Structure formats: structure tokens, C-alpha cells
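Structural characterization, general
Here is what each chain is made of, one letter per residue.
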Amino acid sequence: MWLLRLLAVILAIAIGAGLLFYVLTGNRSWLVLSWRLFRWGLVFALVVFALMIIERIAVIPL
């Protein structure tokens with residue numbers, strides 16, 4: 001779980017840096033990069049949450 005939190009913090013820093021670089025330079029490629037990072041981060045988070053829900057629902061008899 002700590003690894004997922006670390007990845008989330010790194011992702012947030014990367015998105016923020018991309019937005020900051022866009023504001024400073026005006027180069028739209030930084031904005032596109034931030035948007036792509038956000039989308040893939042959201043997809044990854046939804047997959048992780050779906051797996052956590054499936055793990056809670058699944059009953060494995062021993």
C-alpha cells in the first residue's frame with residue numbers, strides 16, 4: 001500500500017510540474033503531458049480500486 005501512495009505522490013508532483021512548466025513557458029506540450037499523466041493515473045486508480053472491491057467481494061473457501 002505504501003508503494004501506491006508513493007506513486008500517487010510522484011504522479012501529483014509530475015502533474016504539478018507539468019502545469020508549472022506550461023505556465024512558465026507557454027508550451028502546450030507540457031499541458032498535454034500533464035493531461036495524459038492525469039488520465040493514466042485515474043485509470044490506474046480505478047483499476048486498483050476495482051481490484052480491492054473484487055477482493056472484498058470474492059469469497060474463497062478454504
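This one's a predicted model, so the numbers in the text were calculated from it and none came from an experiment. (Residues numbered from 1 in each chain as written. Predicted model: local features only at pLDDT ≥ 70, side-chain atom pairs only at ≥ 80, totals over all residues. Heavy atoms only, no water.)

Relative orientation of the contacting elements helix α1 (residues 2–25) and helix α2 (residues 28–57) amounts to 160°, with a least axis distance of 8 Å. When the interaxial angle is binned, α1 and α2 end up roughly antiparallel. The handedness of the crossing between α1 and α2 comes out as left-handed. Side by side, α1 and α2 meet where Leu 4, Leu 11, Ala 14, Ile 15, Gly 18, Leu 19, Phe 21, Tyr 22 and Thr 25 of the first sit next to Arg 28, Trp 30, Leu 31, Ser 34, Leu 37, Phe 38, Gly 41, Phe 44 and Val 48 of the second. When its residues are assigned to classes, the contact of α1 with α2 shows 13 nonpolar, 4 polar and 1 charged. (Axes fitted to C-alpha atoms, helices over the stretch in contact; angles between N-to-C directions. Helix = DSSP H or I, 4+ residues; strand = E, 2+ residues; numbered from the N terminus. Parallel < 35°, antiparallel > 145°, perpendicular 65-115°, else oblique. Left-handed = near helix turned anticlockwise from the far one by under 90°. Contact = heavy atoms within 4.5 Å. Nonpolar A, V, L, I, M, F, W, Y, C, P; charged D, E, K, R; others polar.)

A word on the side chain of Ser 34. The residue Ser 34 is located in helix α2 in this model. Engagement of the side chain of Ser 34 in a polar contact is seen with the backbone nitrogen of Leu 19, the distance being 3.3 Å. Those residues in contact with Ser 34, other than ones at most four positions away along the chain, are Ile 15, Gly 18 and Leu 19. (Polar contact = N/O pair within 3.5 Å; in protein donor to acceptor, adjacent residues only side chain to side chain.)

For Gly 16, the position within the fold is in helix α1. Overall, the relative accessible area of 34% leaves Gly 16 in the partly exposed class. A sequence separation of 28 residues divides Gly 16 from Phe 44, and the C-alpha atoms of the two residues are 18 Å apart. (Buried < 20%, exposed > 50% of the residue type's maximum accessible area, 1.4 Å probe, protein only.)

Taken together, the side chains of Met 1, Trp 2, Leu 3, Leu 4, Leu 6, Leu 7, Ile 10, Phe 44, Phe 49 and Met 52 present a nonpolar region at the surface, about 1,000 Å² in accessible area. Of all the secondary structure elements, the ones that give two or more residues to the nonpolar patch are α1 and α2. It is α1 that provides the largest number of residues to the nonpolar patch, a total of 6 residues. Inspection of the secondary structure puts Leu 7 in helix α1. (Patch = residues over 30% accessible without salt bridge, like charges linked within 9 Å, V, L, I, M, F, W, Y side chains within 5 Å. Areas by Shrake-Rupley, 256 points an atom, 1.4 Å probe, with all protein chains shown as cover. Salt bridge = Lys/Arg side-chain N within 4 Å of Asp/Glu carboxyl O.)

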